[in-house]
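Structural features, examined
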Amino acid sequence: MSDPVGKLPSELDQLPDRDAEETAEWAASLDAVARHAGPHRAAYLMRRTLHHAQAAGVPVPRLLETDYVNTIPTSAEPAFDGDEAMEQRITAWNRWNAAAMVTRGSRFGVGGHIATFASAAWLYETGFNHFFRGKEGDGSGDQLYIQGHASPGIYARAFLDGRLTEAHLDNFRQESGGAGLPSYPHPRRLPWLWEFPTVSMGLGPLSAIYQARFNRYLHNRSIKDTANSHVWAFLGDGEMDEPESTAALALAAREQLDNLTFVINCNLQRLDGPVRANFKIVQELEAQFRGAGWNVVKTLWGSAWDELFALDTTGALVRRLRTVPDAQFQTYATRDIAYIREHFFSVEPALAELAKVLTDAQISECFHTSRGGHEARKVYAAYRAALAHKGAPTVILAQTVKGHTLGKGFESKNANHQMKKLSIDEFKDMRELLGLPIPDSAFESGLVPYGHPGADSPEVRYLQERRAALGGPAPARRVRAAALPAPEQRAFKALEKGSGKQEMATTMAFVRLVKDLMRDKETGRRWVPIVPDEARTFGMESLFPSAGIYSPLGQTYDPVDRDQLMYYKEAKDGQILNEGITEAGAMADFIAASTSYATHGETMIPFYIFYSMFGWQRTGDQMWQLADQLGKGFIVGATAGRTTLTGEGLQHADGHSHLIASTNPASLNYDPAFAYEIAVIVKEGLRRMYGEARPGEDSDVFYYLTVYNEPKPQPAMPEGVEEGIIRGLYRFKEGEAPSATAPRLQLLASGTAIHWALEAQRLLAADWGVTADVWSATSWGELRRDALESDAALLRGEQRTPYIRKALEGAPGPVLAVSDWMRQVPDQISQWVEQEWSSLGTDGFGLSDTRDAARRHFGVDAQSITVAALAQLARRGEVPASAVKDARDRYGL
């Protein structure tokens, strides 16, 4: 039957109406209210009815948007657990020093941001004083993702509690001398303070979600009790435009991560202007988060608005607030009272009547300064509500004024993000506003002074007592994890023996190695396999039943392949993180797991395996975030190279990830050719990252390995090659000279290209009487790193020869390097090779075809290598020039 309420078809048309008459009566009642009391009253009744139904447990859809008012009314705010006046003074000192630090730094042109912390000060101070657990209490404490542009305020607080000095503040953004402070949260530059890098923007919220998820993973696997750890992510409303910011909202709700709170500072401004000039960012975000299943708490208005709402008996004020676009409201914050009366209140008679009873002072306070995010009680109530809510994550939308307390020259101005300093007169005005005891004489030098009430002042004692009660200072990073014992050697020996006559892809060799290592009694449970919905592609399905796929719900269904040996097994204590089709999510998983040694004092060994094309190219920014956060583990680019993945075409053909990876100083990049090389590299990686570090060795690194899906015979490991594998180069097969005068050259190859080089070695000897030695270049990047360190040593007056030069010392003939990568990858080391250098590679776009055809197309197959080698020798006069043409003709090039 048709819907009696409306004319448009809906899902209700498909449901039987058991009492059409009753339905019609409800519809008629609503029509009557709309006619006699107006549509606003009808809408109000509908919302109240829905709210009542939800509270009663009636399964009705939730509203995605509520009125533009505080979620928690003033009458429902909990008692404030603290000395509000004392916290006001502490916050005033922090506001002052944050602004002073950036202003003093502007003398040197280093910049800094003032307005963000000015707007968000109470969002942080309330948390530090009442909520954020430190690392010196029970458990791991809370994890704080600080908004990058607010870092001056966090430094100011650390200065107040004695963790930083004036010298530190005066070296904000001036780190080269060794005593400076990084511009943004940066664990690699200030590892005792910062835990999580949050610039680039958008990566913080994504990482926070996966950190909260990983906390549950550790808990459900009985590795660490994280029940009392809460993740707080402080974000900007403009930052939420980054796609990564909202990419995993559904995951957080689906897994009921009530250990996670987003605090979004809605000052309505991004870097150049309004976030949503013609719309309302708060309402948009509310709908987005509610739709994803989050609990939403709006903290918009300060207590000065309470009287206005109480006088709004018609709902006209609430309706007006809902319709005013953000850019217009920002204008109200900067204009005089007459403008506000005319443009805000005069648009509706009920509002005009309301304005008559309001003083200019009331209007000024409400529209210029009174925001929920600027009042400790409002913020405190929101945080309490977030922690009390169970079954879903919470987002707090806190409205503020960007540049609050910095003066009219800053507040709500479009350009305030780029404004780096205040004048002395503006500081004096700020001093009066904040009530700070800083005398005029302190400004006589022309330089704004730092302010401090004294190490034994009531403010500092209060601050330190609050932090002691909450478990120590925050933010703080602590590394307490002990070194892991080396796993049993049995797993490595299996690969070192080779595969005999059986062919095996290096992808499968790596997976087999990790599967064996996961059985190790001491360290096996600490492996964290991560894969973005391609486990079967990489031969990992054998891990499903043995290790299990992590799910906080376990397995609530009967899997379709339950009767098979390698069935799809989900478990609450599952070890595998199978993320679905999201490389960004998998990388966020990896970052959380790779830094657990610091976050939770529990060392985990993550390995993340993916199509190599969709790693550094797609999520390279997160690779830098990983390096910033001092993460450790194995990143594995599978189906690597430009030509090994048959038929997929250019979008899957990676010939450049090693080049991109080489730009990251924390990434140790390897392109192993054989299974035994993988064994040696992984063994060394486990020692370096998780075992006892050698003197002067950096253990805060991660490994990038590329592996191939091309089955090949895997030889046994030759004697004495371990050092060469780790350092990047060793001679795999010496050529057999057909005569004492035979021309000779050196073929350097990495990864799957070594098989082409070995065939070229055979062709050169059999067809042209040329001897070639074949070298396995396991890491072009490590060879370059060593050479760069040698160059740096020379500048210090130390004599040091690069390993690549020592390895090739005395090797006769020219050098020809070949790989399944663009030529720039091996060319990284050319300047340190004394022999004549040439290279072959897969520059250009990939294509869909067979492996042989693709390699012929790029000129890297065995025949092409042979011709290139003859061309090098012909230029040296060691073979006739005609040999090059003859070879091209013979091989059909």
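Residues numbered from 1 in each chain as written. Predicted model: local features only at pLDDT ≥ 70, side-chain atom pairs only at ≥ 80, totals over all residues. Heavy atoms only, no water.

The geometry of a pair of packed helices is captured by two quantities: the angle between their axes and the separation between those axes. Contact pair helix α14 (residues 337-345) / helix α16 (residues 360-369): the axes reach a minimum separation of 10 Å and the direction vectors enclose 75°. It follows from the interaxial angle that α14 and α16 lie roughly perpendicular. On α16, the residues that touch Ile337, Ile340, Arg341, Phe344 and Phe345 of α14 are Asp360, Ile363, Ser364, Phe367 and His368. Looking at the contact of α14 with α16 residue by residue, the classes come out as six nonpolar, two polar and two charged. (Axes fitted to C-alpha atoms, helices over the stretch in contact; angles between N-to-C directions. Helix = DSSP H or I, 4+ residues; strand = E, 2+ residues; numbered from the N terminus. Parallel < 35°, antiparallel > 145°, perpendicular 65-115°, else oblique. Contact = heavy atoms within 4.5 Å. Nonpolar A, V, L, I, M, F, W, Y, C, P; charged D, E, K, R; others polar.)

Okay, a negative patch on the surface next. On the surface, Asp19, Glu21, Glu22 and Glu25 cluster together into a negatively charged patch. Take glutamate 21: it is sitting in helix α1 (residues 20-37). (Patch = residues over 30% accessible without salt bridge, like charges linked within 9 Å, V, L, I, M, F, W, Y side chains within 5 Å. Areas by Shrake-Rupley, 256 points an atom, 1.4 Å probe, with all protein chains shown as cover. Salt bridge = Lys/Arg side-chain N within 4 Å of Asp/Glu carboxyl O. Lys, Arg positive; Asp, Glu negative; His and termini not counted. Charge placed at Lys NZ, Arg CZ, Asp CG, Glu CD.)

We now examine the side chain of threonine 91. Tracing the backbone through its elements, the reader meets threonine 91 in helix α3 (residues 84-105). Side-chain polar atoms of threonine 91 contact the backbone oxygen of glutamate 87, separated by 2.8 Å. With residues near it in sequence (within four places) discarded, threonine 91 still touches Ala121, Trp122 and Glu125. (Polar contact = N/O pair within 3.5 Å; in protein donor to acceptor, adjacent residues only side chain to side chain.)

Before going further, it helps to spend a moment on empty space enclosed by the protein. Within the structure shown, the criterion is met by seven cavities of 30 Å³ or more. Lining the largest cavity are Arg133, Gly134, Lys135, Asp142, Gln143, Leu144, Glu195, Pro473, Ala474, Pro475 and Ala476. The residue makeup of the lining of the largest cavity, split by class, is five nonpolar, two polar and four charged. The volume enclosed by the second largest cavity comes to roughly 60 Å³. Together, Met504, Ala505, Thr506, Ala673, Tyr708, Glu710, Lys712, Gln714, Thr752 and His755 line the second largest cavity. (1 Å grid on protein atoms, 1.4 Å probe; cavity = no way out; pocket = protein on both sides within 12 Å on 5 of 7 lines; lining within 4 Å. Points joined across faces, edges and corners; volume = space filled by probe spheres on them.)

Once that is clear, we can look at the environment of tryptophan 821. Following the sequence through the fold, tryptophan 821 ends up in the loop between β19 (815-818) and α32 (824-827). Here the alpha-carbon distance between tryptophan 821 and threonine 842, two residues 21 residues apart in the chain, equals 5.3 Å. A distance of 3.0 Å separates a polar atom in the side chain of tryptophan 821 from a polar atom in the side chain of aspartate 671. Separated by 3.4 Å, the side chains of tryptophan 821 and tyrosine 708 make a polar contact.

Phe510, Phe634, Val682 and Leu747 are the most contacted members of the largest nonpolar core, which has 87 residues in total. Among the elements that make up this core, the one with the highest residue count is helix α27 (residues 675-690) (ten residues). What leucine 747 contacts, discounting residues up to four positions off in sequence, is Ala757, Ala760, Gln761, Leu764, Ala772, Asp773, Val774, Trp775, Leu816 and Ile865. Within the second largest apolar cluster, 68 residues are counted, among which are Tyr155, Ala381, Ile438 and Tyr450. (Core = buried A, V, L, I, M, F, W, Y, C linked by side-chain atoms within 4.5 Å. Buried < 20%, exposed > 50% of the residue type's maximum accessible area, 1.4 Å probe, protein only.)

Bringing the pairing of strand β7 (residues 527-531) into the picture now. In terms of residue burial, β7 counts as a mostly covered element, since five of its five residues are buried. With burial as the criterion, each face of β7 is covered, one bearing Trp527, Pro529 and Val531 and the other bearing Val528 and Ile530. Where β7 meets strand β11 (residues 605-611), four bridges bridge the pair, whose relative direction is parallel. Bridging from a neighbouring strand, tryptophan 527 pairs with isoleucine 605 of β11. Where β7 meets strand β10 (residues 577-578), two bridges bridge the pair, whose relative direction is parallel. Each bridged residue has a counterpart across the sheet, and for valine 531 the counterpart in β10 is asparagine 578. (Pairing = 2+ DSSP bridges.)

A few words now on the side chain of glutamine 629. For glutamine 629, the location among the structural elements is in the loop between α25 (616-628) and β12 (634-638). The buried category is assigned to glutamine 629, whose relative accessible area is 2%. Within the local environment of glutamine 629, its side chain forms a polar contact with the side chain of threonine 595, the two groups lying 3.2 Å apart. Glutamine 629 has contacts with Pro187, Glu195, Phe196, Pro197, Arg477, Ile591, Thr595 and Tyr597, leaving out every residue within four places of it along the chain.

What follows deals with the sheet that holds β7. Strand pairing within a sheet occurs via backbone hydrogen bonds; the two strands may be parallel or antiparallel. Across the sheet, six strands lie side by side as β10-β7-β11-β12-β14-β13; this open sheet has parallel pairing. The strands lining the two open edges of the sheet, one partner per strand, are β10 and β13 (667-670). Pairing of β12 with strand β14 (residues 702-706), which is carried by four bridges, proceeds in the parallel orientation. Bridge pairing in β14 links glycine 637 to threonine 706. On top of the sheet, α25 reaches β11, β12, β13 and β14; it is set at about 160° to β14, its chief contact.

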